[in-house]
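# Architecture at a glance
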Amino acid sequence: MPRCNLCHQDRELRNSHIVPEFLYANLYNTKGHLMGINGQGNRGWAALQNGIKQHLFCESCEQHFNKHFEIPFLDRWVRAKPLPDPWSDLEHVQMARVEYASFKLFHLSVLFRASVCSLPTFSDVSLGPHEERIRKMLLDVNAGMPSEYPIFGYAVVHHESKRIVDMVTKAGKSSINGHRCWGIIYGGVQWWISVSSHRNHEFEQGGLQPDGQMPFHAVPWNEVDVIQMASKALRAAGKGPKT
């Protein structure tokens, strides 16, 4: 019997999404397919019938994710739409208010899923000892101190229409002010989580606050590296959008 990656019990595993399925909802075409971009092969893309999945978690832990993290994010972010769309002034900072604990733990849950899976799309994610710390935080529904894994984000908007770009990308890593950070786009935002053993004061001050306030800048999509990499792969396949 395989072991669940969250509770560490030997149980039958569900085919688990890395990024929850509801964040792909607007990305399907009329045939119920979405495009997965890997930049490889003669097309550089493949048609998918649903978001990327792997057998990772038992049924009980899937329900744990759903109840404590996914439903709150779906209700308070995806459905509530707290950011302006279109974004009239790219120089203007918009404030959003969320529920601190469930919001932070949702993003940590996506990062944790990416870390424990073995899929190529998330192969760059390796959290080392932080993986176990985050696992326990998720199990205990404990968001920790604001200094632990602070979250920063910016809205991704189209460079002409200023509409928020709805997509899901691979996870990427970066060193920001000496801190290792992981970023992934979903829900119209590129979310960055600082995974470091020492405090990232910039993320703490400019990101998610303990009272649930979070400031957002907007960045044109043609200035986001991971999107440009995807666009390059699509253009090479004759499918790409013009940027």
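The sections below set out a description of the structure shown in this document. (Residues numbered from 1 in each chain as written. Predicted model: local features only at pLDDT ≥ 70, side-chain atom pairs only at ≥ 80, totals over all residues. Heavy atoms only, no water.)

## Comments concerning helix H2 (residues 100-116)
- In this model H2 runs 24 Å from its N-terminal to its C-terminal C-alpha over 17 residues, within 8% of the 24 Å that 1.5 Å per residue would give.
- With 16 of 17 residues buried, H2 lies mostly within the body of the structure. (Helix = DSSP H or I, 4+ residues; strand = E, 2+ residues; numbered from the N terminus. Expected span 1.5 Å × (residues − 1). Buried < 20%, exposed > 50% of the residue type's maximum accessible area, 1.4 Å probe, protein only.)

## Re the nonpolar core
- Judged by nonpolar contacts, the single largest core of 55 residues is most densely connected at Phe-57, Trp-77, Leu-138, Tyr-186, Trp-191 and Phe-216.
- Secondary-structure elements contributing two or more residues to this core are strand S4 (53-58), helix H1 (59-79), H2, helix H3 (129-140), strand S6 (151-157), strand S8 (179-186), strand S9 (189-194) and strand S10 (213-220).
- With 10 residues, H2 is the single largest residue contributor to this core.
- Aside from chain neighbours lying at most four places away, what touches Phe-57 is Cys-4, Asn-5, Leu-6, Glu-12, Leu-13, Arg-14, Ser-16, Glu-62, Phe-65, Phe-112, Arg-113 and Val-116.
- Residues Val-156, Val-165, Met-167 and Ile-185 belong to the second largest nonpolar core, which totals 11 residues. (Core = buried A, V, L, I, M, F, W, Y, C linked by side-chain atoms within 4.5 Å. Contact = heavy atoms within 4.5 Å.)

## Description of the environment of Arg-135
- Relative to the helices and strands, Arg-135 resides in helix H3.
- Arg-135 sits in the buried class, given a relative accessible area of 9%.
- Along the chain, Arg-135 and Ser-109 lie 26 residues apart, while their C-alpha atoms are 8.3 Å from each other.
- Not counting chain neighbours up to four residues away, the residues in contact with Arg-135 comprise Asn-5, Leu-6, Cys-7, His-8 and Phe-112.

## With respect to the pairing of S8
- Burial analysis of S8 places 7 of its 8 residues in the buried class, the great majority of the element.
- As judged from the 5 bridges shared by strand S7 (residues 172-176) and S8, these two strands associate in the antiparallel manner. In the sheet register, Lys-173 faces S8, and the bridge partner there is Trp-182.
- Linkage of S7 to S8, two consecutive antiparallel strands, is achieved through a turn of 2 residues, within which Asn-177 is found at a positive phi near 55°.
- Examined bridge by bridge, S8 and S9 share 6 bridges and lie antiparallel to one another. By the bridge assignment, Tyr-186 is partnered in S9 with Val-189.
- A loop of 2 residues connects S8 with S9, the two strands running antiparallel in sequence, and Gly-187 in this loop sits at a positive phi of about 60°. (Pairing = 2+ DSSP bridges.)

## A look at the pattern of salt bridges
- Per the counting criterion, the structure on display carries 11 salt bridges.
- One salt bridge connects Asp-85 with Arg-163, and the closest N-O pair in it is separated by 2.7 Å. Of this pair, Asp-85 sits in the loop between H1 and strand S5 (94-97) while Arg-163 is found in the loop between S6 and S7, placing the two residues 78 residues apart along the sequence.
- Glu-148 is the partner of Arg-133 in a salt bridge, and the nearest nitrogen-oxygen pair spans 3.3 Å. Residue Arg-133 is found in helix H3, and its partner Glu-148 is found in the loop between H3 and S6; the two are separated by 15 residues along the sequence.
- A relative accessible area of 38% means that Arg-133 is categorised as partly exposed. (Salt bridge = Lys/Arg side-chain N within 4 Å of Asp/Glu carboxyl O.)

## Details of the packing of H1 against H2
- Running from N to C, H1 and H2 cross one another at 125°; their axes reach a closest spacing of 9 Å. The orientation of H1 relative to H2 falls into the category oblique. By crossing handedness, the relation of H1 to H2 is classed as left-handed. Across from Glu-62, Phe-65, His-68, Phe-69, Glu-70, Pro-72, Phe-73, Arg-76 and Trp-77 in H1, the residues of H2 making contact are Ser-102, Phe-103, Leu-105, Phe-106, His-107, Ser-109, Phe-112 and Arg-113.
- Here the contact of H1 with H2 is built from residues that sort into 9 nonpolar, 4 polar and 4 charged. (Axes fitted to C-alpha atoms, helices over the stretch in contact; angles between N-to-C directions. Parallel < 35°, antiparallel > 145°, perpendicular 65-115°, else oblique. Left-handed = near helix turned anticlockwise from the far one by under 90°. Nonpolar A, V, L, I, M, F, W, Y, C, P; charged D, E, K, R; others polar.)

## Considerations on the packing of aromatic side chains
- Applying the stated criterion across every chain, the model contains 17 aromatic pairs.
- With centroids separated by 4.0 Å and ring planes inclined at 5°, the aromatic side chains of Phe-73 and Phe-106 adopt a geometry described as stacked. Taken together, the residues span a long stretch of sequence, with Phe-73 in helix H1 and Phe-106 in helix H2 at a distance of 33 residues.
- For the ring pair Phe-106 and Tyr-186, a centre distance of 6.0 Å and an interplane angle of 80° mean the geometry is edge-to-face. With a gap of 80 residues between them, Phe-106 in helix H2 and Tyr-186 in strand S8 connect regions that are remote in the sequence.
- Among the aromatic residues, those joined into a cluster by ring pairs are Phe-22, Phe-73, Trp-77, Phe-103, Phe-106, Tyr-186, Trp-191 and Phe-216.
- The aromatic ring of Phe-65 is capped on one face by Arg-113, whose charged end is 4.1 Å from the ring centroid. (Phe/Tyr/Trp six-rings, centres within 6.5 Å; stacked < 30°, edge-to-face > 60°. Lys NZ or Arg CZ within 6 Å of the ring centre and 35° of its normal.)

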